[in-house]
Amino acid sequence: MQQSLDKQLVDRGHQTGLCFHSLRATSPEQLSHVLSSSSSSLPVHIHISEQMKEVNDCVAWSGKRPIQWLYDNCAVDERWCLVRATHADPNEVALMANSGAIAGLCLTTEANLGDGIFPAVEYHEGGGQFGIGSDSHVSLSVVEELLWLECGQRLRDQRRNRLYGPQSKKIVDTIFTGALRGGSQALGQRIGKIEAGLRADWVVLDGKDPCTATAAEESVLNRWIFAGSNRQISDVMVKGKWVIRDGHHAQEQASAEAFADVLKTLL
């Protein structure tokens, strides 16, 4: 039955993985049992070090900060994604970067909840890899997540142009390409590039929208992330099939009506 379920997930474009809600909600015994009973090839996601209370509680319990405890007790490597590792100290930043794990950043969620700012500049300088997500779903916009990633560092440091490097002509080269690479690794999926053998997941920007239409070819992506929004997305392909055409999904009206019904019931 499990093999059948796995095949159905793969056919739908999904990947089986392990997910622990958080270190604070998982006992050491549960963590050890699940990891030892599962394939060592599966991606592993865990929420960790989201708020200072969580950090302080972990120190009171174990004498160690959450990320430090995890590295001392688990073989954290490239298949791990440490979600919302917001409060990482310099030693933990180095541990994450050197292990090859992915920092799963949920910028709009962290801003909305007032959790804090991840030390992205230091992590990037140490060679750390990251992906982005939207934990609480206050936003479902790649533009907002990446904009907050860079702008959060600017606000923290009171300086401009933070996430760049010698190989990046523009900051967007660092944050957009980095998110694609890190997302692919965290999901265990061959995605994130237009390349033979990789899954065909494409986003098409509207060439008639003033934001993108007036940008030089090499500046379109930069313009979209720093001055655009979801409205510039005209078409989306997932696993070789178009799911958004001319800005619309075939089921968007039915979905909106069903969602409205749920909200009315809840309220």
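Residues numbered from 1 in each chain as written. Predicted model: local features only at pLDDT ≥ 70, side-chain atom pairs only at ≥ 80, totals over all residues. Heavy atoms only, no water.

Caption draft 1: View of helix H8 (residues 142-157). The first and last C-alpha atoms of H8 sit 23 Å apart over 16 residues, in line with the 22 Å expected at 1.5 Å per residue. Listing the buried residues of H8 in full gives Val143, Glu145, Leu146, Leu149, Glu150, Gly152 and Gln153. Among the structural elements, strand S4 (102-105), helix H6 (107-113), helix H7 (120-125), strand S5 (129-132), helix H9 (171-187) and helix H11 (220-227) are those in contact with the buried residues of H8. Where H8 terminates, the next one or two residues include Gln158, which has phi positive at roughly 55°. (Helix = DSSP H or I, 4+ residues; strand = E, 2+ residues; numbered from the N terminus. Expected span 1.5 Å × (residues − 1). Buried < 20%, exposed > 50% of the residue type's maximum accessible area, 1.4 Å probe, protein only. Contact = heavy atoms within 4.5 Å.)

Caption draft 2: The arrangement of the layout of surface pockets in detail. Empty space within the largest pocket amounts to approximately 1900 Å³. Of all the elements, H9 adds the most residues to the lining of the largest pocket, at 8 residues. Of the residues that constitute the lining of the largest pocket, the class distribution is 27 nonpolar, 17 polar and 4 charged. Space inside the second largest pocket adds up to approximately 240 Å³. Lining the second largest pocket are 13 residues, and of these Leu23, Arg24, Glu54, Asp57 and Cys58 sit closest to its centre. Within the residue set of the lining of the second largest pocket, elements represented by two or more residues are helix H3 (52-62) and helix H4 (66-73). For the lining of the second largest pocket, the element with the highest residue contribution is H3, accounting for 5 residues. Classifying every residue of the lining of the second largest pocket gives 6 nonpolar, 2 polar and 5 charged. (1 Å grid on protein atoms, 1.4 Å probe; cavity = no way out; pocket = protein on both sides within 12 Å on 5 of 7 lines; lining within 4 Å. Points joined across faces, edges and corners; volume = space filled by probe spheres on them. Nonpolar A, V, L, I, M, F, W, Y, C, P; charged D, E, K, R; others polar.)

Caption draft 3: Seen up close, unusual backbone geometry. Phi at Gln158 is positive, roughly 55°, even though this residue is not glycine. As for its placement among the helices and strands, Gln158 is situated in the loop between H8 and H9. Positive phi values are uncommon outside glycine, yet Asn161 reaches one of about 50°. Within the secondary structure layout, Asn161 lies in the loop between H8 and H9.

Caption draft 4: View of the side chain of Ser184. One can find Ser184 in helix H9. If near-sequence neighbours (up to four positions away) are discounted, Ser184 is found in contact with Gln189, Arg190 and Ile191.

Caption draft 5: Structural view of the side chain of Thr109. Here Thr109 is to be found in helix H6. In terms of polar contacts, Thr109 uses its side chain to reach the backbone amide nitrogen of Asp135, at 3.3 Å. Here Thr109 is in contact with Arg84, Ser134, Asp135, Ser136, His137 and Val138, once residues within four sequence places are set aside. (Polar contact = N/O pair within 3.5 Å; in protein donor to acceptor, adjacent residues only side chain to side chain.)

Caption draft 6: Structural context of a nonpolar patch on the surface. Residues Phe259, Val262, Leu263, Leu266 and Leu267 make up a contiguous nonpolar surface patch of about 580 Å² in total accessible area. The topology assignment puts Leu266 in helix H12 (residues 252-266). Residue class for Leu266 comes out exposed when judged on its relative accessible area of 68%. (Patch = residues over 30% accessible without salt bridge, like charges linked within 9 Å, V, L, I, M, F, W, Y side chains within 5 Å. Areas by Shrake-Rupley, 256 points an atom, 1.4 Å probe, with all protein chains shown as cover. Salt bridge = Lys/Arg side-chain N within 4 Å of Asp/Glu carboxyl O.)

Don't take any of this as a statement about function, it's just geometry.
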